[in-house]
Amino acid sequence: DAMVIQNPRYQVTQFGKPVTLSCSQTLNHNVMYWYQQKSSQAPKLLFHYYDKDFNNEADTPDNFQSRRPNTSFCFLDIRSPGLGDAAMYLCATSRDPWQGTYEQYFGPGTRLTVT
Amino acid sequence: AQKITQTQPGMFVQEKEAVTLDCTYDTSDQSYGLFWYKQPSSGEMIFLIYQGSYDEQNATEGRYSLNFQKARKSANLVISASQLGDSAMYFCAMRGGSSNTGKLIFGQGTTLQVKP
């Protein structure tokens, strides 16, 4: 089945130790999104890629970076995780939003713990 | 600015009964889309139903229907014949027509618990 895959599902990192979360998709969608979701809150968009074009949300901290080496893969890098970065990180994809209104397909998420 | 409001932090429903989850929105766009997602405790966001601002009929998908009242700017989700597996967090979301990124604005969510 076509899907969005996130690895790992659970990640524990130490305060200040860089961490990378990965997302892959078999849907061949050209848009990929990264969301941060803290406990009992709505998902908050960090940034997204439209093909290779990177779009950062205005309030996304510089501590968060992303890479998209090809259509299928996208990475979220947290350069120096703080305790406040502990959250669920959701990757999502969609078809070209210029062509219509399409739903976003979400992966299962990576739950990040910072110790 | 666009905004989604879900005023029910938590809801209970008896198994096999219907339940309505409220969602109101605010936008100055003429063209927009409204979505409902389900998020079980496992964390994955599952797409349920979509309503376009120009759609004249309410969207339906199996046991899910969307009660769209454009003048009131409301897009309530109706779940018929609730099942124990419906227990989850439910998010209403909107994409504005002026958004060429497909960016979704989410409400704060409603936790639904289905009682046996």
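This text follows the structure it describes.
Because the structure is a prediction, the values reported are computed rather than measured.

1. So, the pattern of salt bridges
(1) Moving on: Using the criterion set out here, one finds five salt bridges over all chains in the structure.
(2) Moving on: Of the charged contacts in the structure, one is a salt bridge between A:K44 and A:D59, with a shortest N-O distance of 3.4 Å. You can see A:K44 sitting in strand β5 (residues 44–50) and its partner A:D59 sitting in the loop between β6 (53–56) and β7 (64–67), a full 15 residues away along the chain.
(3) Moving on: When the shortest N-O distance is used, the salt bridge between B:D86 and B:R63 registers 2.8 Å. One end of the pair, B:D86, is in the loop between β9 (74–79) and β10 (88–96); the other, B:R63, is in the loop between β7 (60–61) and β8 (64–69), with 23 residues separating them in the sequence.
(4) Moving on: With relative accessibility at 2%, the residue B:D86 sits in the buried group.

2. Description of the nonpolar core
Residue and element names in this part refer to chain B.
(1) Moving on: One finds Y25, L34, W36, I49, L77, Y90 and L112 to be the most contacted residues of the largest nonpolar core, which totals 25 residues.
(2) Moving on: For this core, the leading source of residues is β10, giving four residues.
(3) Moving on: Contacts of Y25, omitting those with residues within four sequence positions, involve K3, I4, Y32, L34, F68, K70, K73, S74, A75 and M94.

3. Some details on the packing of aromatic side chains
Aromatic rings in a pair are described by how distant their centres are and how their planes are angled relative to each other.
(1) Moving on: Summed over all chains, the structure comprises 16 aromatic pairs over all chains.
(2) Moving on: Note on A:Y49 and A:F54: the rings are 5.2 Å apart at their centroids and 55° apart in plane angle, and the pair reads as tilted.
(3) Moving on: Where B:F35 meets B:F47, the ring centres are 6.3 Å apart and the plane angle is 65°; that geometry is what we call edge-to-face. Note that B:F35 is positioned in strand β5 (residues 32–39) and B:F47 in strand β6 (residues 46–52), a separation of 12 residues in sequence.

4. Quick word on the sheet that holds strand β8 (residues 73–78) of chain A
Residue and element names in this part refer to chain A.
(1) Moving on: Strand order across the open sheet formed by four strands is β1-β3-β8-β7, with antiparallel pairing between neighbours. Each having just a single partner strand, β1 (4–7) and β7 make up the two edges of the open sheet. Looking at each pair of strands side by side, their axes are set apart by 20° on average, direction ignored.
(2) Moving on: The pairing of β1 with strand β3 (residues 19–25) spans four bridges and is antiparallel. Along β3, the bridge assignment pairs V4 with Q25.

What counts as what
Residues numbered from 1 in each chain as written. Chains lettered and ligands numbered in written order. Predicted model: local features only at pLDDT ≥ 70, side-chain atom pairs only at ≥ 80, totals over all residues. Heavy atoms only, no water. Salt bridge = Lys/Arg side-chain N within 4 Å of Asp/Glu carboxyl O. Helix = DSSP H or I, 4+ residues; strand = E, 2+ residues; numbered from the N terminus. Buried < 20%, exposed > 50% of the residue type's maximum accessible area, 1.4 Å probe, protein only. Core = buried A, V, L, I, M, F, W, Y, C linked by side-chain atoms within 4.5 Å. Contact = heavy atoms within 4.5 Å. Phe/Tyr/Trp six-rings, centres within 6.5 Å; stacked < 30°, edge-to-face > 60°. Pairing = 2+ DSSP bridges. Axes fitted to C-alpha atoms, helices over the stretch in contact; angles between N-to-C directions.

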